[in-house]
Amino acid sequence: MEQTPVLEMCGISKSFPGVKALDDVSLTVRPGTVHALMGENGAGKSTLMKCAFGLYQPDEGTIKINGEEVHFDDARDAMDKGVSMIHQELHPIRTRNVMENIWVGRVPYKRVGPIHWVDEKKMYADTKALLEQLEVKLDPRTMVGELNASNCQMIEIVRAVSYGAKVIIMDEPTSSLTEVEAEQLFKIIAQLTAQGVAIIYISHKMDEILRISDEVTIMRDGKLVGTWPAKELTMQLMVSRMVGREMSNQFPQRTHTPSDEVMLEVKNLTSANPRSFVDVSFSVRRGEIFGIGGLVGAQRTELMESIFGLRPVASGEIWIKGQKAKITCAQDAIQLGMALLTEERRASGIIPMLSVMENTVLANQTAHTKQYTGGKLFLNDKQRGADAQKYVDALSIKTPDLKTQIQYLSGGNQQKVLLGRWLLVNPDLLILDEPTRGIDVGAKYEIYTLMEQMVQEGKTVIMISSEMPELMGMSDRIMVMCEGHLSGIINGAQATDEKIMMLASTYEQANV
Amino acid sequence: MLKEKKSFNLRAFLMNYALYAIMVLMIIVIAVISGGKFLSIRVLRDILTQSASRIVVAMGCMFVIVSGSADLSGGRTVGFAAVISGSLAQQATYYLKFWPSLPELPAIVPVLVSIAVGLGVGCFNGFVVSKLKVPAFLATLGTQMIVYGANCLYFNKAPNNSQPLGGYLDSFGAIGTGSVLGVPYLIIIAFAVMLAVWILQTKTCLGKEIFAVGGNPEAARVSGINVFKIQMITYAIAGACYGLAGSLEAARTGSASSTYGLSYELDAIASCIVGGCSAGGGVGTVPGVFFGVIIFNVINYGLTFIGLSSYWQFVVKGIIIIGAIAVDVRKYNKH
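Along every chain, residues carry numbers that run from 1 in the direction the sequence is written. Just so you know, chain letters begin at A and ligand numbers begin at 1, following the order they were written in. Given that this is a predicted model, residues contribute local features only at a pLDDT of at least 70 and side-chain atom pairs are listed and counted only at 80 or more, while totals for whole chains, interfaces and linings are drawn from all residues. Calculated side-chain values reflect all of the structure's heavy atoms, with hydrogen atoms and water omitted.

Looking at the interface of chain A and chain B
In step 1: Whether two residues are in contact is decided by their heavy atoms: any pair within 4.5 Å suffices. Facing 34 residues of chain A, the contacting portion of chain B comprises 24 residues.
In step 2: Taken together, both faces of the contact between chain A and chain B bury some 2200 Å²; the carbon and sulfur share is 64%.
In step 3: Think of a salt bridge as a Lys or Arg side-chain nitrogen and an Asp or Glu carboxyl oxygen that are within 4 Å of each other. Counting the contacts that link chain A with chain B gives one salt bridge.
In step 4: Any pair of nitrogen or oxygen atoms within 3.5 Å is treated as a polar contact; in protein, a donor-acceptor pairing is required on top of that, and neighbouring residues in sequence qualify only through side-chain atoms on both sides. Counting every contact that joins chain A to chain B gives seven residue pairs in polar contact (both at pLDDT 80 or more).
In step 5: Counting residues per element, the ones that place at least two in the side of chain A that touches chain B are α10 (330–335), α11 (345–348), α12 (356–367), α13 (369–373), α14 (381–394) and α15 (411–424) of chain A.
In step 6: Looking at which element gives the most residues to the side of chain A that touches chain B, the answer is α12 of chain A, with five residues.
In step 7: Polar here means any residue outside two lists: the nonpolar Ala, Val, Leu, Ile, Met, Phe, Trp, Tyr, Cys and Pro, and the charged Asp, Glu, Lys and Arg; Gly therefore counts as polar. Residues of the side of chain A that touches chain B, tallied by class, amount to 21 nonpolar, eight polar and five charged. Throughout, buried area stands for the accessible area (probe radius 1.4 Å) lost by two parts on being put together, summed over both. A run of H or I in DSSP becomes a helix once it reaches four residues, and a run of E becomes a strand once it reaches two; helices and strands are each numbered from the N terminus.

Side note on the pairing of strand β22 (residues 485–491) of chain A
In step 1: Whether two strands pair comes down to DSSP finding at least two bridges between them. Relative to β22 of chain A, strand β21 (residues 477–482) of chain A is paired through six bridges, and the arrangement is antiparallel. When the bridges of β22 of chain A are listed, C482 of chain A appears paired with H485 of chain A.

A short note on the domain arrangement of chain A
All names here are of chain A.
In step 1: The domain boundaries here were taken from an automatic or database domain assignment. Taken domain by domain, chain A holds domain 1 (7–92 + 147–243), domain 2 (249–337 + 427–512) and domain 3 (350–426).
In step 2: A straight line from the C-alpha centre of domain 2 to that of domain 3 covers 25 Å.
In step 3: In this assembly, domain 2 packs against domain 3 so that about 1200 Å² is buried in total across both faces, 70% of it on carbon and sulfur atoms.
In step 4: Among the residues of domain 2 in contact with domain 3, I334, P427 and L450 are the three that bury the most area, contributing 38% of the side total.
In step 5: E446 serves as the salt-bridge partner of K416, at 3.0 Å between the closest nitrogen and oxygen.
In step 6: At the boundary of domain 2 and domain 3, one finds four residue pairs in polar contact (both at pLDDT 80 or more).
In step 7: Elements that contribute at least two residues to the side of domain 2 that touches domain 3 include exactly α10, β19 (429–433) and α16 (441–456).
In step 8: The leading source of residues in the side of domain 2 that touches domain 3 is α16, at five residues.
In step 9: Across the side of domain 2 that touches domain 3, the residue classes break down as 11 nonpolar, two polar and four charged.

Some remarks on helix α10 (residues 227–253) of chain B
Residue and element names in this part refer to chain B.
In step 1: By this rule, a helix spans an expected 1.5 Å times one less than how many residues it contains. For α10, built from 27 residues, the straight-helix expectation of 39 Å at 1.5 Å per residue is met to within 8% by its first-to-last C-alpha distance of 39 Å.
In step 2: Partly exposed describes any residue whose relative accessible area lies between the buried limit of under 20% and the exposed limit of over 50%, with all areas from a 1.4 Å probe on protein chains only and scaled to the type maximum. Most of α10 sits out of view: 21 of its 27 residues are buried.
In step 3: Of the residues trailing α10, G254 is marked for its positive phi of about 70 degrees.

Examining a nonpolar patch on the surface
All names here are of chain B.
In step 1: Only residues above 30% relative accessible area that lack a salt bridge enter a patch, with like-charged residues linked at up to 9 Å and the nonpolar side chains Val, Leu, Ile, Met, Phe, Trp and Tyr linked at up to 5 Å. Here the accessible surface of atoms and residues is derived via Shrake-Rupley with a 1.4 Å probe, and residues count as covered only by protein chains that are part of the display. On the surface, a nonpolar cluster with roughly 460 Å² of combined accessible area is contributed by V180, L181, V183, Y185 and I188.
In step 2: Along the chain, the position of V183 falls in strand β2 (residues 183–184).
In step 3: Take V183: its relative accessible area is 33%, and that puts it in the partly exposed class.

Here's the deal with the sheet that holds β19 of chain A
All names here are of chain A.
In step 1: Reading across the sheet, the six strands line up as β18-β19-β20-β15-β21-β22 and stay open at both edges, with mixed pairing between neighbours. Of all the strands in the sheet, the pair left with one neighbour each is β18 (338–341) and β22. Averaged over all adjacent pairs, the angle separating strand axes in this sheet is 20 degrees, with direction ignored.
In step 2: Bridge count between β19 and strand β20 (residues 460–464): five bridges; the pairing is parallel. Residue pairing in the sheet places L429 in a bridge with T460 of β20.
In step 3: Note on definitions: angles span 0 to 180 degrees between N-to-C directions of axes, and those axes are lines fitted to C-alpha atoms, for helices only across the stretch in contact. The strands touched by α15 within the sheet are β18 and β19, with β18 carrying the most contacts at an inclination of about 170 degrees.
In step 4: Packing against the sheet, α16 makes contact with β15 (289–294), β19 and β20, and its axis sits at approximately 145 degrees to β20.

Some details on the environment of I447 of chain A
Residues and elements named next belong to chain A.
In step 1: Relative to the helices and strands, I447 is located in helix α16.
In step 2: In sequence terms I447 and I500 are 53 residues apart; their C-alpha atoms lie 23 Å from each other.
In step 3: Every residue in contact with I447, bar those within four places of it in the chain, is listed here: Q415, L419, P435, T436 and I439.

A short note on the nonpolar core
Nonpolar side chains tend to gather and get buried jointly when the protein is soluble and globular.
In step 1: Counting 92 residues, the largest nonpolar core has M59, M62, F172 and I295 of chain B as the members making the most contacts within it.
In step 2: Per-element tally for this core: the top contributor is helix α2 (residues 41–66) of chain B, with 15 residues.
In step 3: What makes a nonpolar core is a set of buried Ala, Val, Leu, Ile, Met, Phe, Trp, Tyr and Cys residues whose side-chain atoms join them at distances within 4.5 Å. Within the second largest apolar cluster, 83 residues are counted, among which are F251, V361, V455 and M479 of chain A.

Considering the pattern of salt bridges
In step 1: Evaluation of the coordinates by the stated rule reveals 30 salt bridges over all chains.
In step 2: A salt bridge links D59 of chain A to K14 of chain A; the nearest nitrogen and oxygen atoms lie 4.0 Å apart. In this pair, D59 of chain A is assigned in the loop between α1 (45–52) and β4 (60–65) and K14 of chain A in strand β1 (residues 7–16), connecting sequence segments 45 residues apart.
In step 3: Judged by relative accessible area, D59 of chain A falls into the partly exposed class, the value being 45%.
In step 4: Here R252 of chain B ties to E249 of chain B by a salt bridge, and the two come within 3.2 Å at their closest N and O atoms. In this pair, R252 of chain B and E249 of chain B are both assigned in helix α10, three residues apart and thus about one turn of the helix distant.
In step 5: One connected set of salt bridges, linked through shared partners, spans R300, E343, E434 and R437 of chain A.

A look at unusual backbone geometry
In step 1: For the peptide bond that leads from A158 of chain B to P159 of chain B, omega is 5 degrees, which places it in the cis range.
In step 2: Structurally, the position occupied by P159 of chain B is in the loop between α5 (136–155) and α6 (170–177).
In step 3: One non-glycine residue, D24 of chain A, lies in positive phi territory at about 55 degrees.
In step 4: The residue D24 of chain A is located in strand β2 (residues 19–29) in this model.
In step 5: At E172 of chain A, a residue that is not glycine, the phi angle is positive and equals roughly 45 degrees.
In step 6: Along the polypeptide, E172 of chain A turns up in the loop between β9 (167–171) and α6 (179–194).

Dropping the structure here:
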């Protein structure tokens, strides 16, 4: 049964100064299906989708919607013609309510004389109808600033539907959602496809893709690798097609054994923020990978940032290498041999307009000023360049040169630069907060290998992660938190999805 | 294909060097109208001399802008510093001596005192912005008023009663009018300040940390940079620059009053932005800001030179500011 494809992209090419981002890529999406788009970072997925959404104009190739050739001037034009996109990073207008966010730019109005009055009633009714159609439980008048990431995403989806979207592009929609929220998203996707809407689903999470998609298109280095029905694919196959080589293991071989020496001991730590973590105690040994699991809102990030001196603590003690530590700012922590790769790459990681080099040496420059000045007033640029180059090579960071502004690198490469920044400090205790979020399989594996290497060298790694396979595959022990309380610590070898989920959703039962 | 590439390059070139292109164009136009007289060493020296204190103010302002903040207190701080240094640099015999019993001091003293006053104002700004967390724009607006008020109160002290200062010591006046080998001291001082700022910005840890804080304060904090300290330092350096500029203004004009320095801060901000600083912080270079200052003074001087009303300078300046930003926005919006 041949249907007219709802979206057909033929022979799309697009170049930027110095790079050919897309080279003769074709994509055919049938109505009422979920079409997954996969590839490593920098494979050209985002560029292709930006062409489909009118943000970029392709240099060559045609785009057809329902068999008719179209040309998009801009995103608004694409939306009017039936293509919508849910971006990975959402930018809702937080100070306005749900319905105004949905109808922004085309608010329904009543015309009285020359004045267009906002038709609040119609807007409310229309919004309500849309929300009910998609079974989203939201009040149209709620301020968007009060909503969580998942609900903000729902608003975007509702908005796409309100435009009468035939194709909705979703870029890493589950990257900032909890598992429960992701389930809700999948339900809505099922409803949309039942109504004939096609979804283009970009994700790095292979289990999700295998579960919800009908077809999978894989890209590599700006070229099309191929399109297959999801039924014919396995994780192994997808990975090998994405990276262009066989990849036998998701995680590196575990060869390290934690020592008995305690690296970090936290005693009854309570946050100064009454809504954050309470009375948390644990200890981490030298040469151990210590995973921290929990749902969004479990205060894992807050706990680690407090230990690192970024957030105030009300009571409790932190002991490092057997000594009581007083940490009030990041510099204290760095000097005690700690490093923290934060969760939000853009918000608290990269300095977008500075070069790869400046970004790499940033933490080192402050903590070990002497290293770059030799005790003198002026910086040793040669040394800084050499240090940065060392980690660009060691982490195989793809960048034209050290002077390139970090904002022009792909997400995975930015993450590696940040990792390099912290490795350069040569920490004894490396805290990683969602280190592999939104980066591709190849880069993930490299980061895992690096973690393994570090603990082999007798260092300690603490990893906050919301990805169960990663937590279980990498950690020696997993501490699970729930709503600011420590709900349990389990041995990595004995951990199962169910055990972690149980602990993550309840803390009263825990008794450790 | 080849043709396309060429036109692309021209476009990129114009984008990157629009400021310089405009300046060269203006100089050519003014030179043609004036029959070539504009292109002389004397004119160049005059323009640089007039720009000297503006350069110093703009350099200070650049620190604050690069660190991601704003500073509106510059102009009034220049005025206060000018009055203070003037009041300390008068001849003993001057009939309206501000401090009648003050002995004649070496010329360096009033300069250092005005730098210290500027430094104090800068530290106050830094404290209000980074400790009290008052938004920079409003904090420095408040400082601007406080400083102006303080200046007027000081200036109105008997026996001076708000009359313009004068009767400077020759040694102090020489800072503004003297020269060595035909190069005015003012130009030498301005270039020395630029060199110092350039070194500080590009060769020291402090410079790098200022860029980091301006680029992403949160990332800087996580990486162990003391953001409070950096903000204090940037405002303090800026204040010191304003103080120095105040004394230079007093010495150059041989006078001083509480209206000195009016709207210098806006000119300095405009010079920084036209000179390529990002209003959001994290970007800015000494040569860029230097040309930003010079271009405004070329306009100023050039229009008078060819006999146009100097009021035209405001119209032309305004157009250049808008044009420069319009080009800039396109430059960073690459796709």
